[in-house]
Amino acid sequence: MVQLKKYYRLPANSILESVIALCIIAVCLYVAVMVYAQVFTSKTSPRFYNSKNKMAEIYYLYQVYPDSILSAENDNLAIKQEWENAHLQELSIEYRDSSGVKLNNIYYIQTNEK
């Protein structure tokens, strides 16, 4: 044990050790803040997922009952349909939730009717 202390003893100043320790702490703190910022964004909130699910529900209801969904438009919901060509329809759904966040999704529906 005495021989290990003899060969691995590194002389260092306490100021240098403090600076190295502060640098390591700063890097760890930076990584922690970046992970925290990525995890808690508006796109990971339950309200965002609720709004996305509501838009998907409107899209699927449009496929089943297109006339009733188009007549149900209000201030929070706007649906625009446009034919790109004879077999491709573009459906744009704009939904505003209770907090005022506006989401816009564009769906393309292909028909094989001749």
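No experiment lies behind these values; they were computed from the predicted model shown. (Residues numbered from 1 in each chain as written. Predicted model: local features only at pLDDT ≥ 70, side-chain atom pairs only at ≥ 80, totals over all residues. Heavy atoms only, no water.)

Some points on the confidence of the model for the chain
We apply this condition: What pLDDT expresses is the predictor's confidence in each residue, scored from 0 to 100. Secondary structure elements are taken from DSSP: a helix is a run of H or I of four residues or more, a strand is a run of E of two residues or more, and numbering for both begins at the N terminus.
On average, residues of the chain score 81 in pLDDT, and 85% of them reach the 70 mark or higher. Confidence, expressed as mean pLDDT per element, reaches its minimum in the chain at helix α1 (residues 2-7) with 62 and its maximum at helix α2 (residues 14-39) with 90.

Focus on the sheet that holds strand β2 (residues 88-96)
Here is the rule: Strand pairing follows a simple DSSP-based rule, namely that at least 2 bridges must link the two strands. Note on method: axes are straight lines fitted to C-alpha atoms, helices fitted across the in-contact stretch only, with angles between N-to-C directions ranging 0 to 180 degrees. Note on contacts: a residue pair qualifies if any of its non-hydrogen atoms lie within 4.5 Å across the two residues.
Read from one edge to the other, the open sheet built from three strands follows the order β1-β2-β3, with strand pairing classed as antiparallel. One side of each edge strand has no neighbouring strand; the edge strands of this open sheet are β1 (77-85) and β3 (102-110). Across the sheet, the mean angle separating the axes of adjacent strands is 15° when strand polarity is ignored. By the bridge criterion, nine bridges tie β2 to β3 in an arrangement that is antiparallel. Counted as the bridge partner of I93 is N105 from β3. Where helix α3 (residues 46-64) meets the sheet, it contacts β1, β2 and β3, and its direction lies at approximately 30° from that of β3.

Some words on the pattern of salt bridges
Cut-off, in case you're wondering: Each reported salt bridge corresponds to a side-chain nitrogen of Lys or Arg within 4 Å of a carboxyl oxygen of Asp or Glu. Think of it in three bands: residues with accessible area under 20% of the maximum for their type are buried, residues over 50% are exposed, and the middle band is partly exposed, with areas taken using a 1.4 Å probe on protein chains only.
Evaluated as defined, the whole model comprises one salt bridge. For K102, the salt bridge identified is with E94, shortest N-O distance 3.9 Å. Overall, E94 belongs to the partly exposed group, its relative accessible area being 24%.

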